[in-house]
Amino acid sequence: MVQLSLCFLGGLLGLFLMAPIVVASTPASMCTPLKTLNDSLSHRRRYMKHNFPINYSMRVHHEEIFKLSNISKMKLKVEGLDELVLQRLWFQVNQGVLKKIIRVLPERHPSRPYTAELERRFRDAEGVFVQSHPAEVFQQELPETIQDIWDQLTEEPDRVPESSWRFASPKSLVDNLCHTMYCLFWECFSSTEASQDCEFYTEDV
């Protein structure tokens, strides 16, 4: 009887060691930097639209036009897709977006200080995100669909085919950042903020 119990416990331990790491969707420590970032995002209309010429657009990778509908499609393609994987992808996508916006702004452009501060707050949130999870989480293999997107985002610009580039306004890109943030980190925001955007989560597919 004792031997059977030991075997049972050993089996459970083996399953535990083999199981993937399961973490909370959004650690509480993430909420402060995300809310700080959200404070900056509340001024995006003034700095990302009014300070740019009418119909101004910039060249970005098509994967950097990261909307709620993209998330919905990924969830349909990858069964049981972990929210943490989408959060990692959100940081990767928007890190590149903000850098591209800063790159097109002249030093004296009225929106440059705002964008630089926005990017700094974004990096602060990313730093807390990394610290909030075990290192093993970031070493896990990504689903093939997500890995393909990741590889495209990190490809050298001169190796990206012309067909993969799109044009988008800085305002629309930062709007996407904001709307997807509310859905992927909804625990940190009021139900009103999150639901206003997440109600289109599946309708945009």
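None of the values given here were measured: they were computed from a predicted structure. Here the residue index of a chain counts from 1 through its sequence in written order. Two thresholds apply to this predicted model, a pLDDT of at least 70 for residue-level local features and 80 or more for giving and counting side-chain atom pairs, whereas whole-chain, interface and lining totals are computed over all residues. With hydrogens and water excluded, all non-hydrogen atoms of the structure serve as input to the side-chain values.

So, about unusual backbone geometry. Of note in the backbone geometry, asparagine 55 takes a positive phi value of approximately 65 degrees without being a glycine. Each helix is a run of DSSP H or I of at least 4 residues and each strand a run of E of at least 2, with the numbering of both proceeding from the N terminus. Of note, asparagine 55 is situated in the loop between α3 (44–50) and β1 (58–61).

Per-residue confidence from the predictor is given as pLDDT, running between 0 and 100. Here the protein chain averages 84 in pLDDT, while 80% of its residues score no lower than 70. Averaged pLDDT values over the elements of the protein chain bottom out at 41 in helix α1 (residues 2–18) and peak at 97 in helix α6 (residues 112–131). Only heavy atoms matter for contacts: two residues are in contact if any of them lie within 4.5 Å across the pair. Long-range and interchain partners of residues 1–24, a stretch whose pLDDT sits below 50, account for nine contacts in this model, where long-range means more than four residues apart. Scored below 50 in pLDDT, residues 200–205 makes 14 contacts in the model with residues more than four places away or belonging to other chains.

If you look at the biggest cluster of nonpolar residues, it comprises 49 residues, and the most contacted ones within it are Leu34, Leu89, Trp90, Met181 and Phe185. At the level of elements, α2 (31–41), α3, β1, α4 (68–77), α5 (83–104), α6, α7 (144–153) and α8 (170–184) are the ones that each hand at least two residues to this core. The element best represented in this core is α5, accounting for 10 residues. Those residues in contact with methionine 181 that lie beyond four places of it in its chain are Leu34, Leu37, Asn38, Leu41, Trp90, Trp186 and Phe189. Remark: nonpolar core denotes a set of buried residues (Ala, Val, Leu, Ile, Met, Phe, Trp, Tyr, Cys) joined through side-chain atoms within 4.5 Å. Throughout this description, buried means an accessible area under 20% of the type-specific maximum (1.4 Å probe, protein chains only), exposed means over 50%, and partly exposed covers the range between.

The aromatic pairing rule takes the rings of Phe, Tyr and Trp, using the six-membered ring of Trp, and pairs them if the centres are within 6.5 Å, calling planes under 30 degrees apart stacked, those over 60 edge-to-face and the rest tilted. Counted according to the given criterion, the structure contains 10 aromatic pairs. Measuring from centroid to centroid gives 5.4 Å for phenylalanine 91 and phenylalanine 122, while their planes differ by 55 degrees, and the two rings are tilted. You can see phenylalanine 91 sitting in helix α5 and its partner phenylalanine 122 sitting in helix α6, a full 31 residues away along the chain. We classify phenylalanine 91 as buried; its relative accessible area is 2%. A connected cluster of aromatic rings, assembled from ring pairs, spans Trp90, Phe91, Phe122, Phe129, Phe138 and Phe185. The positively charged end of arginine 59 is found above the aromatic ring belonging to tryptophan 165, 4.1 Å away from the centroid. The criterion is that NZ of a Lys, or CZ of an Arg, lies within 6 Å of the ring centre and within 35 degrees of the ring normal, and then a charge sits over that ring.

What follows covers the environment of aspartate 82. Examined against the element boundaries, aspartate 82 turns out to sit in the loop between α4 and α5. The exposure class assigned to aspartate 82 is partly exposed, which follows from its relative accessible area of 34%. Remark: the alpha-carbon pair of aspartate 82 and proline 143, spanning 61 residues in sequence, is separated by 9.7 Å. In protein, a polar contact means a hydrogen-donor-capable atom and an acceptor-capable atom, both N or O and within 3.5 Å, with residues adjacent in sequence counting only if both atoms are side-chain atoms; elsewhere, any N or O pair within 3.5 Å suffices. Looking at aspartate 82, its side chain comes within polar contact range of the main-chain nitrogen of leucine 84, at 3.0 Å.

Moving on to the environment of lysine 35. Tracing the backbone shows lysine 35 in helix α2. Sequence separation between lysine 35 and cysteine 188 is 153 residues, and the spatial gap between their C-alpha atoms is 7.4 Å. When near neighbours in sequence (up to four residues on either side) are disregarded, lysine 35 contacts Cys188 and Phe189.

For the rest of this paragraph, the subject is the pattern of salt bridges. Put simply, a salt bridge is a Lys or Arg side-chain nitrogen that is within 4 Å of an Asp or Glu carboxyl oxygen. The tally for this structure, following the rule as stated, stands at 11 salt bridges. A salt bridge links arginine 159 to glutamate 155, with the shortest nitrogen-to-oxygen separation between them at 3.7 Å. Assessed through its relative accessible area of 61%, arginine 159 is described here as exposed. When its relative accessible area of 32% is taken as the criterion, glutamate 155 is described as partly exposed. Aspartate 175 is the partner of lysine 171 in a salt bridge, and the nearest nitrogen-oxygen pair spans 2.8 Å. Note that lysine 171 and aspartate 175 are positioned in helix α8 at a spacing of four residues, about one turn of the helix. Taken individually, lysine 171 and aspartate 175 each receive the classification buried, so the pair is uniform in this respect.

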